[in-house]
Structures are given as structure tokens and as C-alpha cells.
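Read off the chains here:
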Amino acid sequence: MYNSKIIGLGHYVPENVVTNDDLSKVMDTNDAWIQERTGIKERRHVVKGDGDTTTTMGVKAAKIAIERAGIDKDDIDFIVLATLSPDYYFPGPGVLVQRDLGIKTVGALDVRNQCSGFVYGISVADQYIKSGMYKNVLVIGSELHSHGLDMTTRGRSVSVIFGDGAGAAVLSRAEDNDTGILSTHLHSEGQHAEELSLIAPGMGKRWVTDIIEEADPNDESYFPYMNGQFVFKNAVVRFSEVIMEGLQANNLEVSDIDMLVPHQANLRISQFIQKKFKLNDDQVFNNIMKYGNTTAASIPIALTEAWEQGKVKKGDLVVLAAFGSGFTWGSVIIKW
């Protein structure tokens, strides 16, 4: 069996910075309220008409990752793209990335696991490489939230949290089986699916024809809903469990962690986990303060920045962990 290794990382975020004070001009909120509850100071939002989409942001991040990997785009054998905000209802953006990168007709898979989407994507890529089916797999997390948020006081509890951006990683067959992806661990608990969801449009309850026919300006079913406290309570439990599951599977201890890169859902969740595991500030990377929650893009953006800043180095034990809508959660254990 082969081993897979991350050989290239890249990220892209829109230039448009939206501060908490900016949001206070369109809804009843303020900087102190947002920072106290989420730790977020600002986020990036796409400007309508500037050309940024989930696909184009993913392409920009992917180009950087491919260049840093030192391979040609046509060396990519497969594409995995994680997002909850596709350009179209169908087809998914994976094939659009393949088209816009000008890559030969390789397979492209879309992953719909929201906040844990990149972790799921890494797991899929890892298994393809370990089986010998592919040598180089491009994994992307890309999100454009801002166009689908309720930017009024009604939606403030959710809308202040999310930002736009993309991150990408190139996984390749490793020559050294002692480095690379050591293991991945995935879970779901669908009984809580509606606690963090966007119901419409969807075939099950409300489709486009229903929305058009009713034309109800007070219909909130096509805006994201989140039971914040319930999500928080579940997140801190599942984060802890899946990190420990990954460590135990590899006969490792918490003290072996050099860098934990958690999904950037809420700074308070990351701080809770850091305190529980008694990790110092140099062992946990957070950038939600700058970008907000970019869902499937948050881990690859954070991992890229940590690597760029020299906080992820050869020989380090790196742990990726995520929890989100579904409920889905997972972890990835990496020997860098």
C-alpha cells in the first residue's frame, strides 16, 4: 500500500474586507458583541460583479498549490472539491475547476459535507492514492457565503460569522511511508441535520417553484439556520473525541501534537479545545479573526497560512479536525 503526502498548499481570499463596524451599519450589532461571541474581527466578502465565484476562487488557490507542489497541472489525476456554495445547483464546481484549470479529462468529485468537507476530501484523496489508483490528487475547499446570507438584523446571529475564500492542497504518492497522511477518521450523526441547515431550495420540502409561487419576502427557508448553543455543545465534544481517536489509532499522545489546525467555526470552540488538551498558543493555529468561518475552505486556508509562516515544518505532527452541519466531523493525522 502506498502513502499520501501533501506537497503543495495555496489559498485565495477576496480583497474586500468587511469589518464588524461595517456590519453594524446594515444590522443591529456591534464589534464587541461579535468578538465576544465568535472572536471574529473581520471577514472577506466577494463584491458582486468582480468575477469571484466558488469556482474561480478555487482555481486561484489551486494554481498556487500546484505551482508550490512543483508539478504540472496535467500531472493531476483527480480533483476533489468541497463546498456548500456551488456556482450552480448542478453541475457541481469540481468539473468547472477542471475546465478552468485546463486539466485533461480527469475525474472530478464534489463533496457536500460543509464544515468538515475538506477533511472528508483529504480522506477520499488519501484512499485513492493509498490504493494505487491515482498519484496526484487536487483537493479544494471553496466557499462564497456572502451572496446567500440574510444581511439584516433578522439574520445577524448567523450572517456575522461567515466569510468567503478558498484553499487547496495537492496530495501525492509518498516515497517514505513514515511521513504523510497517517490516518483519517470520519463520522456523522444525521439525527441533528436540521440544527445547522439551509432547507430551500431542495426537492424534499421547498423547491424553486414553491418559492416563486409564494413570493413570500418573509420566507427564511433559503437562508442558513443554526441552533448556535446546540451546535457549540456538540462541537466541543466531537472535536475532542475525533482528535483523540486519531492519536490513539497511531499510538500517539496529545503531547506529540506540534500543530492543531481546527476548522475555524468559532474562536471560543478552538480555545475550549486548546485549554482541554493543555496546548500552548504555538500548538494551535487560528485565523478566524481575519476571515470568519469559511466552512470547507477554513482548514486549507489556515493550514496554508500556518505553513507559510513556518509554523508547520518537516517532521511535525499536524492534526486537522472539523465539525459542522450534518452533523459531520472528522480528523486527519499527518506526519509532515
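What counts, and at which threshold
- Residues numbered from 1 in each chain as written.
- Predicted model: local features only at pLDDT ≥ 70, side-chain atom pairs only at ≥ 80, totals over all residues.
- Heavy atoms only, no water.
- UniProt positions renumbered as here; feature names shortened; annotations may be inferred.
- Helix = DSSP H or I, 4+ residues; strand = E, 2+ residues; numbered from the N terminus.
- Contact = heavy atoms within 4.5 Å.
- Pairing = 2+ DSSP bridges.
- Axes fitted to C-alpha atoms, helices over the stretch in contact; angles between N-to-C directions.
- Salt bridge = Lys/Arg side-chain N within 4 Å of Asp/Glu carboxyl O.
- Buried < 20%, exposed > 50% of the residue type's maximum accessible area, 1.4 Å probe, protein only.
- Phe/Tyr/Trp six-rings, centres within 6.5 Å; stacked < 30°, edge-to-face > 60°.

For the protein, the name recorded in an unreviewed UniProt entry is Beta-ketoacyl-[acyl-carrier-protein] synthase III, with Cellulophaga geojensis KL-A as its organism. Quoted verbatim from the Subcellular location (unreviewed entry) field of the UniProt record, the comment on the protein reads "Cytoplasm". UniProt annotates the protein under Subunit (unreviewed entry) with the comment "Homodimer."

This part is about the side chain of T294. Checked against the element boundaries, T294 lands in the loop between α10 (288-291) and α11 (298-308). Ignoring any residue separated from it by four or fewer positions in sequence, one finds T294 in contact with E143, H145, G163, D164, G165 and I301.

Below, the discussion takes up the sheet that holds strand β8 (residues 180-188). Spatially, β8-β13-β12-β11 is the arrangement adopted by the four strands of the open sheet, whose pairing is mixed. A strand with exactly one partner marks an edge of an open sheet, and here the two such strands are β8 and β11 (259-262). Within the sheet, the average angular offset between the axes of one strand and its neighbour, ignoring direction, is 10°. The pairing of strand β12 (residues 317-324) with strand β13 (residues 328-335) spans eight bridges and is antiparallel. Paired with V318 across the bridge in β13 is I334. Against the sheet, helix α5 (residues 117-130) makes contact with β8, β12 and β13, and its axis sits at roughly 130° relative to β8, the strand it touches most. On top of the sheet, α11 reaches β11 and β12; it is set at about 155° to β12, its chief contact.

This brings us to the sheet that holds strand β4 (residues 78-82). On the basis of which strands lie adjacent, the open sheet formed by five strands has the order β1-β7-β6-β4-β5 and mixed pairing. The outermost strands of the open sheet, each flanked by one partner alone, are β1 (3-12) and β5 (107-111). Within the sheet, the average angular offset between the axes of one strand and its neighbour, ignoring direction, is 20°. Relative to β5, β4 is paired through five bridges, and the arrangement is parallel. By the bridge assignment for β5, A82 is matched with V111. In the packing of helix α3 (residues 54-69) onto the sheet, the strands contacted are β1, β6 (136-143) and β7 (165-174), and the crossing angle to β1 comes to about 125°. Along the sheet face, α11 touches β1, β6 and β7 and points at about 95° away from the line of β1.

Now for the pattern of salt bridges. Summed over all chains, the structure comprises 14 salt bridges. One salt bridge in this structure joins D316 and K313, with 3.5 Å as the shortest N-O distance. By relative accessible area, which is 44% here, K313 ends up partly exposed. Overlapping salt bridges, with partners in common, bring together E189, R238 and E241 in one network.

Quick look at the UniProt feature "active site" (unreviewed entry) in the protein now. When the UniProt feature table is mapped to this numbering, "active site" (unreviewed entry) covers C115, H263 and N293. For the residues just named, distributed over 179 residues, the greatest C-alpha separation is only 8.7 Å, placing them together at one site. Tracing the backbone through its elements, the reader meets C115 in the loop between β5 and α5. If we skip the residues at most four places from it in the chain, C115 touches H263, N293, T295, A296, A322, F323, G324 and S325. Of note, H263 is situated in the loop between β11 and α9 (267-277). Its relative accessible area of 1% is what places H263 among the buried residues. With near-sequence residues (within four places) excluded, H263 lies in contact with C115, F239, S270, N293, T295, S298, I299, A321, A322 and F323.

What follows covers the packing of aromatic side chains. One pass over the structure, following the stated rule, counts eight aromatic pairs. Their ring planes at 15° and their centres at 5.0 Å tell us that F78 and Y134 sit as a pair that is stacked. Placement of F78 in strand β4 and of Y134 in the loop between α5 and β6 is noted, with a sequence separation of 56 residues between them. Overall, F78 belongs to the buried group, its relative accessible area being 7%. With relative accessibility at 16%, the residue Y134 sits in the buried group. Judged by centre distance (5.3 Å) and plane angle (55°), the ring pair of Y222 and F223 falls under tilted.

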